[in-house]
Amino acid sequence: MERAVALSFEGVRRKAGGPFGALIVREGEIVAEGWNCVTSVADPTAHAEVVAIRRACEALESHELSGCVLYSSCEPCPMCLAASYWARVDRIYFANTRDDAARIGFDDRFFYDELTRTTDQRQLALTHLPVDDSLEPMRVWFDDAERTPY
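The present account deals with the structure reproduced in this document. (Residues numbered from 1 in each chain as written. Predicted model: local features only at pLDDT ≥ 70, side-chain atom pairs only at ≥ 80, totals over all residues. Heavy atoms only, no water.)

### Looking at the layout of surface pockets
Argument step 1. If you add up the space inside the largest pocket, you get close to 650 Å³.
Argument step 2. As for the largest pocket, its lining consists of 27 residues, and the residues nearest its centre are Cys77, Pro78, Met79, Asp108 and Phe111.
Argument step 3. At the level of secondary structure, the elements contributing two or more residues to the lining of the largest pocket comprise helix H3 (78-87) and helix H5 (109-116).
Argument step 4. Tallied by class, the residues present in the lining of the largest pocket amount to 16 nonpolar, 6 polar and 5 charged. (1 Å grid on protein atoms, 1.4 Å probe; cavity = no way out; pocket = protein on both sides within 12 Å on 5 of 7 lines; lining within 4 Å. Points joined across faces, edges and corners; volume = space filled by probe spheres on them. Helix = DSSP H or I, 4+ residues; strand = E, 2+ residues; numbered from the N terminus. Nonpolar A, V, L, I, M, F, W, Y, C, P; charged D, E, K, R; others polar.)

### Quick notes on helix H2 (residues 48-60)
Argument step 1. With 13 residues, H2 should cover 18 Å at 1.5 Å per step; its first-to-last C-alpha distance of 18 Å lies within 8% of that length.
Argument step 2. The complete set of buried residues in H2 reads Ala48, Glu49, Val50, Val51, Ala52, Ile53, Ala56 and Cys57.
Argument step 3. Those residues of H2 hidden inside the fold are in contact with strand S1 (21-26), strand S2 (29-35), strand S3 (68-74) and H3.
Argument step 4. Looking one or two places after H2, you find Glu61, whose phi comes out positive at around 50°. (Expected span 1.5 Å × (residues − 1). Buried < 20%, exposed > 50% of the residue type's maximum accessible area, 1.4 Å probe, protein only. Contact = heavy atoms within 4.5 Å.)

### Things to note about the pairing of strand S4 (residues 91-96)
Argument step 1. In terms of strand pairing, S3 meets S4 through 5 bridges, oriented parallel. What sits directly across from Tyr71, in S4, is Tyr93.
Argument step 2. Considered for its hand, the β-α-β crossover made up of S3, H3 and S4 is right-handed. (Pairing = 2+ DSSP bridges. Right-handed = clockwise from strand over helix to strand, strands pointing away.)

### Section: the side chain of Ser73
Argument step 1. Turning to its location among the elements, Ser73 is positioned in strand S3.
Argument step 2. Classification of Ser73 as buried rests on a relative accessible area of 2%.
Argument step 3. With sequence-adjacent residues up to four places away left out, Ser73 is seen in contact with Ala4, Val5, Ser8, Pro19, Phe20, Gly21, Ala95 and Asn96.

### Description of the sheet that holds S4
Argument step 1. Across the sheet, 4 strands lie side by side as S2-S1-S3-S4; this open sheet has mixed pairing. Across the chains shown, the open sheet's two edge strands, defined by having one partner strand only, are S2 and S4. For this sheet the average axis-to-axis angle between neighbouring strands, irrespective of direction, equals 15°.
Argument step 2. Looking at chain direction, S1 and S3 are connected through 5 bridges and run antiparallel. Considered in S3, the bridge of Ile24 is made with Leu70.
Argument step 3. Against the sheet, helix H1 (residues 2-13) engages S1, S2, S3 and S4, with an angle of about 140° to S1. (Axes fitted to C-alpha atoms, helices over the stretch in contact; angles between N-to-C directions.)

In structure tokens form, the structure reads like this:
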């Protein structure tokens, strides 16, 4: 956990983005590290946890991280939490809470609340717009005996 906090300091010193750091550990060894790079790389998805997950997947040459643990300097936002689920990490430890982050301007409450609403109640308009053959790529992928499920 101390390393996650140190990574958050490193990102702050580099003026890379928000004060957040994360690392992925497998069998007691650090696989990958990251800090928030949202503003320095102009990528709103470059949160510390996502950066660490991307680097860990690359290092392990796998799209999933079962057997790994995520350490984060702060409670993951909904995007990072979802990425952690998709990556199949076994567990998440965090130092600061979402309330701690909210006190300095990183209030994720809006996102947590939005995800509990139905699509027609959300502030971001979501419209189902199917087109001819839109299901065809899904069918072809599903029927492929050599596909890599995830």
